[in-house]
Each structure stands twice: as C-alpha cells, then as structure tokens.
Amino acid sequence: MRLHPFLTAVRRQLVLDDRQGAARVTHAVVTTLGDRIDAATARAVARPRPMELRVWLARADSGQSFGPREFRLRVARRAGTRPADAEYHAMVVLELLAD
C-alpha cells in the first residue's frame, strides 16, 4: 500500500479540500493510536502500511493508558480540529487502516 492512495481515500471520505488536510488528520490519528497501543501491536499494525504510517506509529510514545475522550482530545489537538470532528476523523482513518 502506498501513502498517496490512502490519503486520497481519507480526503474523499472526510470531504477535505486537499491531501495536506488528509495527511494532517491521518498523522494525528495514527500518532495517537501509536501512543495508545503497545510497541508490539504498533509493529503488527504498521507492517502492511505505507512507510510514512509505519514511521508515525514507531515514533509514538507507545503503551500509554488513556480512554476514548483523551484519544479524541489528542487527535483534535494534533490535527487542529474540534474534538467532535476529531472523533469522526479518527473513526474514518481507523476504518481505512482496518481495510
């Protein structure tokens, strides 16, 4: 999988104006996911993903314990969005990662 098609899918699903917005949101979600899961799980999630996503997961401060509210707040802060938008953004990015 390459990053460009992934970001295009994110942009289309979220109806964002450009790929830079999709990259910002994706980075926020993937980094926050990397913060939340342990390093071994991050490596397993990263394995079939584009190089940039693998790097974002690997550089995260893995294994932290926090709930959905904090996840949403972290994504919002990193992406520069409102928490309500961040929740939807996270849902879309995580669904695309699962595909």
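Quick notes on the rules
- Residues numbered from 1 in each chain as written.
- Predicted model: local features only at pLDDT ≥ 70, side-chain atom pairs only at ≥ 80, totals over all residues.
- Heavy atoms only, no water.
- Helix = DSSP H or I, 4+ residues; strand = E, 2+ residues; numbered from the N terminus.
- Rg over C-alpha atoms; globule rule 2.2 N^0.38 Å.
- Buried < 20%, exposed > 50% of the residue type's maximum accessible area, 1.4 Å probe, protein only.
- Lys, Arg positive; Asp, Glu negative; His and termini not counted.
- Charge placed at Lys NZ, Arg CZ, Asp CG, Glu CD.
- Phe/Tyr/Trp six-rings, centres within 6.5 Å; stacked < 30°, edge-to-face > 60°.
- Lys NZ or Arg CZ within 6 Å of the ring centre and 35° of its normal.
- Axes fitted to C-alpha atoms, helices over the stretch in contact; angles between N-to-C directions.
- Parallel < 35°, antiparallel > 145°, perpendicular 65-115°, else oblique.
- Left-handed = near helix turned anticlockwise from the far one by under 90°.
- Contact = heavy atoms within 4.5 Å.
- Nonpolar A, V, L, I, M, F, W, Y, C, P; charged D, E, K, R; others polar.
- Expected span 1.5 Å × (residues − 1).
- Polar contact = N/O pair within 3.5 Å; in protein donor to acceptor, adjacent residues only side chain to side chain.
- pLDDT = per-residue confidence, 0-100.
- Salt bridge = Lys/Arg side-chain N within 4 Å of Asp/Glu carboxyl O.

Q: Honestly, the overall build of the protein chain in this entry has me stumped. Any pointers?
A: Scanning the protein chain from terminus to terminus reveals six helices and zero strands. Reading the protein chain from its N terminus to its C terminus gives the helix and strand order α-α-α-α-α-α. Against the globule reference of 13 Å for 99 residues, the protein chain gives a C-alpha radius of gyration of 12 Å, in line with a compact fold. The principal-axis extents of the C-alpha atoms in the protein chain amount to approximately 35 × 30 × 20 Å. Taken across its 99 residues, the protein chain has 40% of its residues classed as buried. Measuring between centres, the 17 positive side-chain charges of the protein chain sit 4 Å from its 11 negative side-chain charges.

Q: Where do I start with the packing of aromatic side chains in this structure?
A: For any pair of aromatic rings, the description consists of the separation of the ring centres together with the inter-plane angle of the planes. According to the stated counting rule, one finds one aromatic pair in the structure shown. The lysine or arginine in question, R36, covers the ring of F66, its NZ or CZ lying 5.9 Å from the ring centre. Between the NZ or CZ atom of R74 and the centre of the ring of F66, over which it lies, the distance is 4.0 Å.

Q: Is there a simple way to explain the packing of helix α1 (residues 3-14) against helix α6 (residues 83-98) in this structure?
A: Describing two packed helices takes the angle between their axes plus the distance from one axis to the other. Two elements in contact, α1 and α6, have axes whose closest approach is 10 Å; the angle formed by their N-to-C orientations is 140 degrees. With respect to α6, the element α1 is oriented oblique. For the pair α1 and α6, the crossing hand works out as right-handed. Contacts from F6, A9, V10, Q13 and L14 in α1 reach Y88, H89, V92, V93, L96 and L97 in α6. Its residues assigned to classes, the contact of α1 with α6 shows nine nonpolar, two polar and no charged.

Q: Sorry, what's going on with helix α5 (residues 68-79) here?
A: Each full turn of the α-helix corresponds to 3.6 residues, which orients residues three or four apart in the same direction. Compared with an ideal rise of 1.5 Å per residue, which puts twelve residues at 16 Å, α5 spans 16 Å between its outermost C-alpha atoms and is within 8% of the ideal. Looking at α5, one finds that the buried residues are F71, R74, V75, A76 and A79. For α5, the elements touching its buried residues are α2 (19-36) and α6.

Q: Explanation requested: the side chain of T32 in the structure shown.
A: Secondary-structure assignment places T32 in helix α2. For T32, a relative accessible area of 0% corresponds to the buried category. A distance of 2.7 Å separates a polar atom in the side chain of T32 from a polar atom in the side chain of R78.

Q: It is not clear to me how the confidence of the model for the protein chain should be interpreted in this structure. Could you clarify?
A: Low-confidence regions, as indicated by low pLDDT, have predicted coordinates that should not be scrutinised in detail. For the protein chain, per-residue confidence averages 93 on the pLDDT scale, and 99% of positions sit at 70 or higher. Element-level mean pLDDT values for the protein chain span from 88 in helix α3 (residues 39-46) up to 97 in α5.

Q: Even after reading the chapter, I still don't get the pattern of salt bridges, so can you show me in this structure?
A: A side chain of one charge can pair with a side chain of the opposite charge when the charged atoms of the two come close. Counted under the stated rule, the structure contains six salt bridges. Three or more residues joined by partner-sharing salt bridges are found here, namely D35, E70, R74, R77 and R78.

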